[in-house]
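# Reading the structure
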Amino acid sequence: MSQDMSSFAGTDRYEIVVGLEVHAQMRTQSKIFCGCPTRFGAAANTQICPVCAAFPGVLPVLNREVVNMAIKTGLAIHGQVRLLSEFSRKNYFYPDLPAGYQISQYELPIVEHGHLLITPTADLPPKRIGITRIHIEVDAGKSMHEGIQGASWVDLNRTGTPLMEIVSEPDLRSALEAGEYLKKLRAIVRYLGVCDGNMEEGSFRCDANVSVRLRGESRLGTRCELKNLNSIRNVMRAIDYEAVRQIDLIESGERVIQESRLWNADLNSSRSMRGKEDAHDYRYFPEPDLPPLRISAARIESVAASMPELPDAKATRLQTEYQLSEYDAGVLTASQALADYFEAVARYTAELGHPNPKMAANWVIGELGGRLNKDNLEIQQSPISVQQLGKLVAMIQQGVISGKIAKEIFETLFTDGGDPQHIVEQKGLQQVTDSAAIEEAVEQVLATYPEDVAQYRAGKGKVLGFLVGQIMKATQGKANPALVNQLLRAKLDKRL
Ligand SMILES: [Zn+2]
């Protein structure tokens with residue numbers, strides 16, 4: 001089957017339809033129906049009890065915190081928290097599921113009718129993506145096929161870990177939109193502290209339901225469910241691959257079969273895993289061991305009052321409070337830690353008497369963000385502190401150093417640390433604002449490049465940039481650029 005993008009490009013007649021199911025592992029101390037710890041990485045089968053192992057006669061007791069976290073998430077996605085929801089048994093056999101059923105929610109989930117706004121492209125207004133429901137359920141254990149020679153075995157430590165399944169409407173129309181949706185949802189669960197959002201470690205897992213249809217068609221095509229997507233990049237690649245695969249099938253007169261497909265990131269392709277079950281295959285019925293879950297309006301209110309400022313609200317505030325662009329505010333609020341760092345830098349430059357929030361944002365996003373990315377570091381691991389970057393920005397704003405020199409100092413700070421002010425003093429990097437010194441450099445450069453001077457005077461204005469560059473070079477980047485421009489123009493025009 002051809003999988004080159006050229007075959008994809010020739011299929012503009014088709015539309016991709018994507019719905020995402022996200023399983024978010026909740027960051028509670030203990031499991032959902034017993035008191036066992038949820039800590040990751042313990043020795044196999046050391047964090048289990050008769051409830052986890054589904055011994056006969058044991059009864060589940062619902063963890064209060066699980067409900068609070070689901071309410072928080074529901075409110076954050078503008079959903080309706082049901083005052084009455086119920087648990088159901090989803091029956092299936094799997095070795096890592098000792099009970100033979102999973103306790104989940106089916107007909108009456110805890111949250112319904114939510115949505116998120118995503119901004120896949122800067123030039124289009126935000127798009128609303130519906131969230132059908134959030135339900136609470138229990139995670140299974142892990143089947144292991146390594147470690148014991150010639151045998152498979154099971155580790156039940158994960159059994160009983162609380163999950164939220166967050167199900168979107170089939171509102172996503174591209175891999176890009178799916179990626180943006182996941183980033184937004186992950187930011188929200190992280191802000192709320194209900195999930196660590198780690199896709200690589202599997203605490204934030206995503207299955208993608210993908211189908212295609214001719215543009216203008218209102219009926220949905222047959223969907224396939226993509227599994228094993230352990231990064232946002234893989235989700236996007238798998239969706240693009242799947243769309244091409246389905247379009248090729250349809251174009252060659254074949255049929256798309258409803259199935260689960262396993263994504264293989266190394267091969268950049270997917271393979272059929274099993275026919276996809278429909279809900280009726282699971283024989284859902286109300287869980288007899290748990291009473292219906294009743295939530296009071298007062299409880300929802302008190303949870304709402306405990307919620308932090310969320311990404312959208314924070315982005316709006318940063319725009320008004322610091323006059324940032326929508327784009328910058330969006331980048332800075334991707335994580336709470338990043339937004340906190342920016343705000344601390346902006347505040348510190350104000351304390352130093354030289355505020356410039358826009359410049360602070362540029363340094364946090366551009367220089368620092370790029371450098372951290374290069375070293376694969378998070379903002380929390382930044383070798384440059386708020387005070388160091390704040391001082392640097394304040395010195396540019398004050399006119400003590402040029403932006404160019406600041407970049408050199410930034411690199412020193414990143415690798416060796418130190419006080420930006422001391423570095424400037426020690427290395428004599430203060431900006432030259434003495435016009436006599438700059439004038440001398442201007443004279444020198446004009447004498448060295450007579451041909452360029454002639455070209456400028458013949459009307460080639462862009463030669464100016466070259467001459468400015470030479471003067472900056474002659475002053476080791478320390479000349480005040482505004483002053484250089486001013487003096488250079490004056491001299492060039494005077495001799496006409
Ligand atoms: Zn237990």
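Residues numbered from 1 in each chain as written. Predicted model: local features only at pLDDT ≥ 70, side-chain atom pairs only at ≥ 80, totals over all residues.

### A look at the overall build of the protein
Counted only if it meets this: Think of it this way: any DSSP run of H or I at least four residues long counts as a helix, any run of E at least two long counts as a strand, and we number them from the N terminus. Only C-alpha atoms enter the radius of gyration, while the globule expectation follows 2.2 Å times N to the 0.38, with N the number of residues. The exposure label follows from counting other C-beta atoms within 10 Å of a residue's C-beta, where the C-beta atoms are placed from the backbone and the thresholds are 20 or more for buried and 12 or fewer for exposed, leaving partly exposed in between. By definition, residue pairs are in contact when their C-beta atoms, positioned from the backbone, come within 7 Å.
Within the protein one finds 16 helices and 16 strands. On C-alpha atoms alone, the protein measures out to a radius of gyration of 30 Å, which is more than a quarter above the 23 Å that the 2.2 N^0.38 rule sets for 496 residues. Projecting the C-alpha coordinates of the protein onto the three principal axes gives extents of approximately 95 × 55 × 55 Å. Across the 496 residues in the protein, those meeting the buried criterion constitute 35%. A separation of at least 24 residues holds for 69% of the contacts in the protein among residues at least 6 apart in sequence.

### Focus on helix α15 (residues 463–474)
Under the convention used in this document: Under the convention used throughout, the expected extent of a helix is 1.5 Å for every residue step, that is, one less than its residue count.
The first and last C-alpha atoms of α15 sit 17 Å apart over 12 residues, in line with the 16 Å expected at 1.5 Å per residue. Looking at the residues trailing α15, positive phi occurs at Gln476, about 55°.

### What about the sheet that holds strand β15 (residues 285–286)?
Stated formally: DSSP bridges decide pairing: two strands pair if at least two such bridges lie between them.
The antiparallel open sheet is built from three strands, whose spatial order is β5-β4-β15. This sheet does not close on itself; its edge strands, each paired only once, are β5 (101–104) and β15. One ladder, built from two bridges, connects strand β4 (residues 88–91) with β15; its direction is antiparallel. Directly across from Arg89, in β15, lies its bridge partner Phe285.

### Details of the domain arrangement of the protein
By a widespread convention, an interface's size corresponds to the accessible area lost as its parts come together. Note the threshold: Here the limits of each domain have been adopted from an automatic or database domain assignment.
Taken domain by domain, the protein holds domain 1 (5–302), domain 2 (311–427) and domain 3 (435–494). Taking the mean C-alpha position of each, domain 1 and domain 3 sit 62 Å from one another.

### Quick word on the confidence of the model for the protein
Our working rule: Note on scores: pLDDT gives the predictor's confidence for each residue, bounded by 0 and 100.
Considering every residue of the protein, the mean pLDDT works out to 90; 96% of them sit at 70 or more. Predicted confidence for residues 1–7 stays below pLDDT 50, and this span has eight contacts to residues more than four positions away or in other chains.

### A short note on the packing of helix α9 (residues 357–374) against helix α10 (residues 386–398)
Using the following cut-off: In this analysis an axis means a line fitted to C-alpha atoms, helices contributing only their contacting stretch, and an angle means the value between N-to-C directions, from 0 to 180 degrees. We call two directions roughly parallel when the angle between them is under 35 degrees, roughly antiparallel when it is over 145, roughly perpendicular when it lies between 65 and 115, and oblique otherwise. Working rule for handedness: look at the near helix, and if it is turned counterclockwise from the far one by less than a right angle, call the crossing left-handed; if clockwise, right-handed. Throughout, the ten residues Ala, Val, Leu, Ile, Met, Phe, Trp, Tyr, Cys and Pro are labelled nonpolar, Asp, Glu, Lys and Arg are labelled charged, and all others, Gly among them, are labelled polar.
Across the interface, α9 lies against α10 with an axial gap of 10 Å and an inter-helix angle of 125°. As judged from the angle between their axes, α9 and α10 are oblique. Regarding α9 and α10, the two cross each other, and that crossing is right-handed. When α9 is examined against α10, the residues Met359, Ala360, Trp363 and Leu368 are found in contact with a partner set consisting of Leu389, Val393, Ile396 and Gln397. Class assignment of the residues belonging to the contact of α9 with α10 gives a composition of seven nonpolar, one polar and no charged.

### With respect to α10
Over its 13 residues, α10 runs 18 Å from end to end, which matches the ideal 18 Å to within 8%, given 1.5 Å per residue. For α10, the complete set of buried residues consists of Gln388, Leu389, Gly390, Lys391, Leu392, Val393, Ala394, Met395 and Ile396. Contacts from the buried residues of α10 go to α8 (336–351), α9, α11 (403–416) and α12 (420–427). The first or second residue beyond α10 is Gly399, which carries a positive phi of 90°.

### Let's talk about the environment of His23
One can find His23 in strand β1 (residues 14–25). For His23 and Glu439, which are 416 residues apart along the polypeptide, the C-alpha to C-alpha distance reads 66 Å. Setting aside chain neighbours within four positions, we find His23 in contact with Leu163, Glu165 and Arg205.

### Digging into the environment of Leu492
You can see Leu492 is positioned in helix α16 (residues 481–494). Note on Leu492: 17 C-beta atoms within 10 Å, which makes it partly exposed. Separated by 244 residues in sequence, Leu492 and Asp248 place their C-alpha atoms 65 Å apart. In this view, Leu492 contacts Val453, Tyr456 and Arg457; residues no more than four positions away in its chain are not counted.

### Section: the nonpolar core
What counts, and what does not: Nonpolar cores are identified as sets of buried Ala, Val, Leu, Ile, Met, Phe, Trp, Tyr and Cys residues joined via C-beta atoms within 7 Å.
If you look at the biggest cluster of nonpolar residues, it comprises 64 residues, and the most contacted ones within it are Ala70, Ala178, Ala208 and Ile239. Setting aside its immediate chain neighbours within four residues, Ala178 contacts Val18, Leu20, Leu172, Ala208, Val235, Met236 and Ile239. If you look at the next biggest cluster of nonpolar residues, it comprises 35 residues, including Val345, Met359, Ala360 and Leu389.

### Remarks on the pairing of strand β7 (residues 127–138)
Burial analysis of β7 places nine of its 12 residues in the buried class, the great majority of the element. Looking at chain direction, strand β6 (residues 111–118) and β7 are connected through seven bridges and run antiparallel. Note on β7: the bridge partner recorded for Leu117 is Arg128.

### Concerning unusual backbone geometry
One non-glycine residue, Ala54, lies in the positive phi region at around 60°. Tracing the sequence through the fold places Ala54 in the loop between β1 and α2 (64–76). A residue is classified by how many C-beta atoms lie within 10 Å of it, and Ala54, with 16 of them, is partly exposed. A positive phi angle, near 60°, is found at Asn376, a position not held by glycine. If you trace the backbone, Asn376 turns up in the loop between α9 and α10.

### As for the environment of Glu21
Turning to its location among the elements, Glu21 is positioned in strand β1. On the basis of neighbour counts, which here come to 15 C-beta atoms within 10 Å, the residue Glu21 falls in the partly exposed class. Glu21 sits 204 residues away from Glu225 along the chain, and the two C-alpha atoms are 9.7 Å apart.

### Some words on the pairing of strand β10 (residues 162–168)
With five of its seven residues buried, β10 lies for the most part within the structure. In the sheet, β1 pairs with β10 via five bridges, with the strands oriented antiparallel. Considered in β10, the bridge of Val22 is made with Ile166. Both β7 and β10 contribute to a ladder of seven bridges, which runs antiparallel. Bridge pairing links Ile136 to Met164 in β10.

### Observations regarding the packing of helix α13 (residues 435–448) against α15
Two elements in contact, α13 and α15, have axes separated by 9 Å at closest approach and are oriented at 125°. The orientation of α13 relative to α15 falls into the category oblique. Of the two elements, α13 crosses α15, and the hand of that crossing is right-handed. Here α13 contributes Ala441, Val442, Gln444 and Val445 to the contact with α15, which in turn contributes Leu467, Gln470, Ile471 and Ala474. A class-by-class count of the residues in the contact of α13 with α15 yields six nonpolar, two polar and no charged.

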